[in-house]
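As a plain string of letters, each chain reads:
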Amino acid sequence: MTYDDGTEAVRGVSLDVGDGEFFGFLGPNGAGKTTTIKTLVTLLHPTEGSVRINGYDTKADPQAVRESIGYMAQETSIDFELTPRENLRVACRMYGVPTEEREDRIEELLDLVDLRDVADKRAETFSGGMQKRLDTATVLVHRPPVVFLDEPTTGLDPEARLRVWNYFEEINDRGTTVFLTTQYLEEANELCDRLAILQDGQITHTGTPDELKSAIGTETVTLTLQDASEENQRRVIDTVRRLGALDAVAIERTADGVAIEADNARSATSDLFTELAAANATITDFDVQSPTLDDVFLTLAGEDDVGATGAAGDTVRAQEVRR
Ligand code: ADP
């Protein structure tokens, strides 16, 4: 997708999102998330390629696409002068919800986003979290099978964010497909069945949060030794090095033991303990840490830096993923 001023904001993005999936688009500021989502919801036309939503082509049949989706933009669409009930009535009219169904639908949504108690108060007095919840409700009045949420929790405090996450999960549990963009790794990890990482307008990785973590990061086993003398630490390190079952990337002495970084640290721990027991090294405590999505992101950002200098050649191309 190229803007009129020549900015190529999104390049070669190709993805399939399945029915009922909670799909995340994760990337830093300026990565192209909003451009992508606006293309998906028919507000922008792709310069090349095509998009199908609910079976409709966004270029050939934009109206059918719009009627079958909910879209929550970064900027709120609610009218602060109006109450939640009034905002929902406006949304019902806008989305053409049959008159006889409107009141029931509104009550159901007020319950869903927990705004019944304030349903007749003007929205201008609401906290950021309450406004987001109302915004979420307004894009659901026509019961769309797919909703698009563009950075829905930016600017919310942690508690409000948690609450909003609950509503998104509930919407998804009801069978709605959710496509969400976020800058927050924790959010993607918590909510998404699958996610794509977008950087500089290209998808660099796609997978479940667990797949991305295990594909990219390494695991770390930290051992606390009863005898943490340098001599004993060196003996343990030798034992670890000899252990064929463990693909150690790095082994270090720590204040009270040894830390081992490996691709398969978790699955190799029982072999490791057997071997250390045979070597008479007594372990008083141990901890295994899996990589976090932060590690994944840092690793990717690092790869990207290398790519930018040309040393690593081409960066990873967007990939097509089918369920
Ligand atoms: P994100 O949502 O991930 O923060 P955006 O899709 O907003 O990223 O922006 C992607 C790139 O496109 C950025 O380099 C941004 O400056 C550029 N961009 C966004 N909107 C426009 C526009 N209307 N005209 C020109 N360039 C734009």
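Before reading further, recall that the structure is shown in the block above.
Quick caveat: nothing in here was measured; it's all calculated off a predicted structure.

What counts and how
Residues numbered from 1 in each chain as written. Predicted model: local features only at pLDDT ≥ 70, side-chain atom pairs only at ≥ 80, totals over all residues. Heavy atoms only, no water. Core = buried A, V, L, I, M, F, W, Y, C linked by side-chain atoms within 4.5 Å. Buried < 20%, exposed > 50% of the residue type's maximum accessible area, 1.4 Å probe, protein only. Helix = DSSP H or I, 4+ residues; strand = E, 2+ residues; numbered from the N terminus. Contact = heavy atoms within 4.5 Å. Pairing = 2+ DSSP bridges. Axes fitted to C-alpha atoms, helices over the stretch in contact; angles between N-to-C directions. Near = heavy atom within 4 Å. Polar contact = N/O pair within 3.5 Å; in protein donor to acceptor, adjacent residues only side chain to side chain. Areas by Shrake-Rupley, 256 points an atom, 1.4 Å probe, with all protein chains shown as cover. Parallel < 35°, antiparallel > 145°, perpendicular 65-115°, else oblique. Left-handed = near helix turned anticlockwise from the far one by under 90°. Nonpolar A, V, L, I, M, F, W, Y, C, P; charged D, E, K, R; others polar.

Enquirer: Where do I start with the nonpolar core in this structure?
Expert: In summary, soluble globular proteins display a tendency toward joint burial of nonpolar side chains. Leu88, Phe168 and Leu180 are the most contacted members of the largest nonpolar core, which has 44 residues in total. Looking at which element gives the most residues to this core, the answer is helix α6 (residues 158-173), with five residues. Residues within four places of Leu180 in sequence aside, it is in contact with Phe22, Phe23, Gly24, Phe25, Leu149, Pro152, Phe168, Glu187, Leu191 and Cys192.

Enquirer: Even after reading the chapter, I still don't get the sheet that holds strand β9 (residues 219-225), so can you show me in this structure?
Expert: What links the strands of a sheet is backbone hydrogen bonding, and the strands pair in either a parallel or an antiparallel sense. Spatial strand order, β10-β11-β9-β12: four strands in an open sheet with antiparallel pairing. Strands with a single pairing partner mark the edges of an open sheet, and in this sheet they are β10 (248-253) and β12 (283-289). Between one strand and the next, the sheet's axes are offset by a mean angle of 15°, whatever the strand orientation. Pairing of β9 with β12, which is carried by six bridges, proceeds in the antiparallel orientation. When the sheet's bridge partners are listed, Thr222 is paired in β12 with Asp287. Relative to the sheet, helix α9 (residues 230-242) contacts β9, β10 and β11 (257-262), its axis offset from that of β10 by approximately 170°. Each of β9, β11 and β12 touches helix α10 (residues 269-278); the most contacted strand, β9, lies at about 25° to it.

Enquirer: Looking at this model, I keep getting lost on the site of the ligand. Mind explaining?
Expert: Taken together, Tyr3, Asp5, Thr7, Ala9, Pro28, Asn29, Gly30, Ala31, Gly32, Lys33, Thr34 and Thr35 are the residues near the ligand. A distance of 2.7 Å separates an oxygen atom of the ligand from a polar backbone atom of Gly30. Thr34 places a polar main-chain atom, nitrogen or oxygen, 2.8 Å from an oxygen atom of the ligand. Here the ligand, which alone exposes 560 Å², has 63% of that area covered by the protein.

Enquirer: Would you mind showing me how to read the packing of helix α3 (residues 84-94) against helix α5 (residues 128-138) here?
Expert: Geometrically, a packed helix pair is captured by the angle between its two axes and the distance between the axes. Between α3 and α5, whose axes approach to 9 Å, the crossing angle comes to 30°. What the angle tells us is that α3 and α5 run roughly parallel. The way α3 lies across α5 gives a crossing that is right-handed. Counted together, Pro84, Asn87, Leu88 and Ala91 of α3 and Leu134, Ala137 and Thr138 of α5 form the full contact between these two elements. Residue composition of the contact of α3 with α5, grouped by class: five nonpolar, two polar and no charged.

Enquirer: How do you make sense of the packing of α3 against helix α4 (residues 99-112) when you look at a structure like this?
Expert: Direction vectors running N to C along α3 and α4 enclose 130°, while the axes themselves pass 10 Å from each other. Taken together, the axis directions place α3 and α4 in an arrangement best described as oblique. The chirality of how α3 crosses α4 is right-handed. Contacts between α3 and α4 pair Pro84, Arg85, Leu88, Arg89, Cys92 and Arg93 from the former with Arg102, Glu103, Ile106, Glu107, Leu109 and Leu110 from the latter.

Enquirer: Explanation requested: the side chain of Asn172 in the structure shown.
Expert: By the secondary structure assignment, Asn172 is in helix α6. Residues in contact with Asn172, not counting those within four places in the same chain, are Gly20, Glu21, Phe22 and Val178.

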